[in-house]
Amino acid sequence: MNVAVVGTGYVGLVAGACLAEAGNFVTCVDILEDRVNRLKDGATPIYEPGLSRLLGNNRKAGRLRFTTDYGEAVPGARAVFLAVGTPPGADGQASVGHVIRAARSVGEHLSENATVVMKSTVPVGTSELVRKELSEAGARGFQMCANPEFLKQGDAVNDFMYPDRVVCGVDSDVARDTMARLYAPFVRSGRPVLFMDIPSAELAKYAANTMLAARISFMNELSRLCEVTGADIEDVRRAIGTDPRIGPYFLYAGTGFGGSCFPKDVAALVSAGKARGVDLQVADAVLRANTIQCTVLVRKIVRRFATDLTGRRFAVWGLAFKPETDDTRQAPSLKIIRELLDAGATVAVHDPAAMEKAKAELPPRGVDYCDNEYDALDGADGLVMVTEWMQYRQPDWQQVAARMKHGIVFDGRNVFDPRLMRERGFEHYPIGRIQTGPDLIDA
Ligand SMILES: NC(=O)c1ccc[n+]([C@@H]2O[C@H](COP(=O)([O-])OP(=O)(O)OC[C@H]3O[C@@H](n4cnc5c(N)ncnc54)[C@H](O)[C@@H]3O)[C@@H](O)[C@H]2O)c1
């Protein structure tokens, strides 16, 4: 099938590459000329495991092309995916400006019987706005589908290739048939393609992200109760996660959730509720709890040292909002670093993939970017463990101790065992677990 994908970010590129891998002829269109040129030259502009190989193979096989010209991408396409960003707007509302502009451009070139597929995460009603925009731009005889994407950055290729389910909101047989054909190669193991109406599909994505974020916020709040009662959040996690009604996922206490999806999608759901007179109190609390949690490590650091951190230096391990991505959008690391800098400290940072993106967002002064995680430790008063990349989980503790000024570890992801840290002679401040050192309980 001929397919066009609008937007070559984390979602659009992965979708385009995977659809091409299944034998479709895919043209990806983006307004960023530099990005498109890099893709044409064979570069992969984002870090996503497995993506480079897919892009390379399908580009060489002639099934995957890149352009800035809608007139090259859209005519003749049976399916046109909109995968542009929907960043947070005023009052937490999802801003759909990119979607509407993309729809206008698509509408000028759309073939009859094409299905326009809303891949971006959009508030209920957006697909109808897009339908109107497409018609006003001159498109005729097309179909709409709301097909929210559930991939996780860091494992996005696998998620697209082997989805747990595919959600398709449709209101025509043509759209249903097109989507069923497109996804057939990805659901051969029997995973369902769930057809439903368009509003339900649009809302499902926000519901999923808010549910997952709620689990994290709940565990984060519980971790504070653990600290004042002497309970261990990791034991609590294991105890409840083995209950099949609860399940083991998204139950890890830490420094709060970040990324380009959870914070914005929960805020957008709350805001959509408000706009329609529905007070979504649980979702609102999820966000408030997360705002507090994102600075839990800074609160511990300030209690351990002083409000004024002038002259102090901290090593920060991990900048990406989660491991296996270079994405720093809404990353807790950035908030933590800014607060440390504001308090007078300097930081030395390391991340295997996200240094460039972090550099573009952080202040130019007070931050040293290090080639490896050990270099960041030199002369540090404390190590702040923010993103649990695999390579940080079992460091050479002798080297860590030798290079730091003080053996103090703020463990924002509970990756180090409290008992072993005590035996190794470190002060260790995890989240919701027994700590070693002066009392910094976060009540
Ligand atoms: N990143 C994720 O993990 C993820 C997962 C599921 C759903 N989503 C949703 O998917 C959507 C895209 O997210 P993303 O992370 O890929 O965004 P992104 O910012 O990485 O990429 C968006 C791309 O769209 C391009 N673009 C913007 N306006 C355009 C236009 N008019 N024409 C052509 N291209 C245009 C941008 O240049 C950019 O390359 C969002 O709605 C997001 O909420 C994201």
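Here the structure is a predicted model, which is why all the values come from computation and not from measurement. (Residues numbered from 1 in each chain as written. Predicted model: local features only at pLDDT ≥ 70, side-chain atom pairs only at ≥ 80, totals over all residues. Heavy atoms only, no water.)

## Brief notes about the domain arrangement of the protein
Alright, step 1. For the protein, the domain assignment lists domain 1 (2-196), domain 2 (206-291) and domain 3 (295-429).
Alright, step 2. Domain 1 and domain 3 are separated by 37 Å when their C-alpha centres are compared.
Alright, step 3. Counting from both sides, the interface comprises eight residues of domain 1 and, opposite them, ten residues of domain 3.
Alright, step 4. A combined buried area of about 700 Å² lies between domain 1 and domain 3, and 41% of that area is made up of carbon and sulfur atoms.
Alright, step 5. Per-residue buried area on domain 1 facing domain 3 is highest for Y10, Y47 and Q153; these three make up 76% of the total on that side.
Alright, step 6. Inspection of the region where domain 1 meets domain 3 yields zero salt bridges.
Alright, step 7. In this structure, the connection of domain 1 to domain 3 is made through seven residue pairs in polar contact (both at pLDDT 80 or more). (Domains from an automatic or database assignment. Contact = heavy atoms within 4.5 Å. Buried area = accessible area lost by both parts, 1.4 Å probe. Salt bridge = Lys/Arg side-chain N within 4 Å of Asp/Glu carboxyl O. Polar contact = N/O pair within 3.5 Å; in protein donor to acceptor, adjacent residues only side chain to side chain.)

## Examining the pairing of strand β6 (residues 143-146)
Alright, step 1. By the alternation rule, side chains of β6 split into Q143 and C145 and M144 and A146, which are all buried.
Alright, step 2. Note: strand β5 (residues 115-118) against β6, four bridges, orientation parallel. When the bridges of β6 are listed, T115 appears paired with Q143.
Alright, step 3. Viewed along the sheet, the connection from β5 through helix α6 (residues 126-136) into β6 turns out right-handed.
Alright, step 4. Pairing analysis gives two bridges linking β6 to strand β7 (residues 166-170), with the strands arranged antiparallel. (Buried < 20%, exposed > 50% of the residue type's maximum accessible area, 1.4 Å probe, protein only. Helix = DSSP H or I, 4+ residues; strand = E, 2+ residues; numbered from the N terminus. Pairing = 2+ DSSP bridges. Right-handed = clockwise from strand over helix to strand, strands pointing away.)

## As for the site of the ligand
Alright, step 1. Among the 28 residues in the neighbourhood of the ligand, the closest are listed as D30, Y70, T86, Q153 and K264.
Alright, step 2. Between the ligand and Y10 there is a distance of 3.0 Å, counted from an oxygen atom to a backbone nitrogen or oxygen.
Alright, step 3. For the ligand, an oxygen atom lies 3.0 Å from a polar atom in the side chain of R329.
Alright, step 4. A total of 840 Å² of accessible area belongs to the ligand in isolation, and the protein chains cover 91% of it.
Alright, step 5. Looking at the shell around the ligand, the elements that each hand over two or more residues are α1 (10-21) and α5 (97-107).
Alright, step 6. Taken together, the residues of the shell around the ligand break down into twelve nonpolar, ten polar and six charged. (Near = heavy atom within 4 Å. Areas by Shrake-Rupley, 256 points an atom, 1.4 Å probe, with all protein chains shown as cover. Nonpolar A, V, L, I, M, F, W, Y, C, P; charged D, E, K, R; others polar.)

## Thoughts on the pairing of strand β13 (residues 408-411)
A regular strand places its side chains on the two faces of the sheet in alternate fashion.
Alright, step 1. The two faces of β13 match: I408 and F410 on one face and V409 and D411 on the other face are all buried.
Alright, step 2. For strand β12 (residues 382-385) and β13, the ladder comprises three bridges, and the chain directions are parallel. Directly across from L383, in β13, lies its bridge partner V409.
Alright, step 3. What joins β12 to β13 is helix α16 (residues 397-403), and the crossover it makes is right-handed.
Alright, step 4. Two strands pair when backbone bridges link them, and β13 and strand β14 (residues 427-429) are joined in this way by three bridges, in the parallel orientation. Within the sheet, the bridge partner assigned to V409 lies in β14 and is H428.
Alright, step 5. In this fold, the crossover linking β13 to β14 by way of helix α17 (residues 418-424) has right-handed handedness.

## Here's the deal with the sheet that holds β6
Alright, step 1. What the eight strands build is an open sheet, ordered β3-β2-β1-β4-β5-β6-β7-β8; its pairing is mixed. Every interior strand has two partners, whereas the edge strands, β3 (64-67) and β8 (193-196), have only one. Along the sheet, successive strands turn relative to each other by an average axial angle of 25 degrees, direction set aside.
Alright, step 2. Bridge count between β7 and β8: four bridges; the pairing is parallel. (Axes fitted to C-alpha atoms, helices over the stretch in contact; angles between N-to-C directions.)

## Let's talk about the pattern of salt bridges
Alright, step 1. On inspection of all chains with the given rule, the structure shows 25 salt bridges.
Alright, step 2. The closest approach of N and O atoms between E234 and R237, which form a salt bridge, is 2.9 Å. Of this pair, E234 and R237 both sit in helix α10 (residues 233-241), three residues apart, roughly one helical turn. Considered together, E234 and R237 belong to a single accessibility category, that of buried residues.
Alright, step 3. Residue D381 is joined to R312 by a salt bridge in which the shortest nitrogen-to-oxygen separation is 3.1 Å. In this pair, D381 sits in the loop between β11 (367-369) and β12 while R312 sits in the loop between α13 (296-304) and β9 (313-317), placing the two residues 69 residues apart along the sequence.
Alright, step 4. Residue D381 is classed as buried on the basis of its relative accessible area, which comes to 0%.
Alright, step 5. The exposure class of R312 is partly exposed, given its relative accessible area of 28%.

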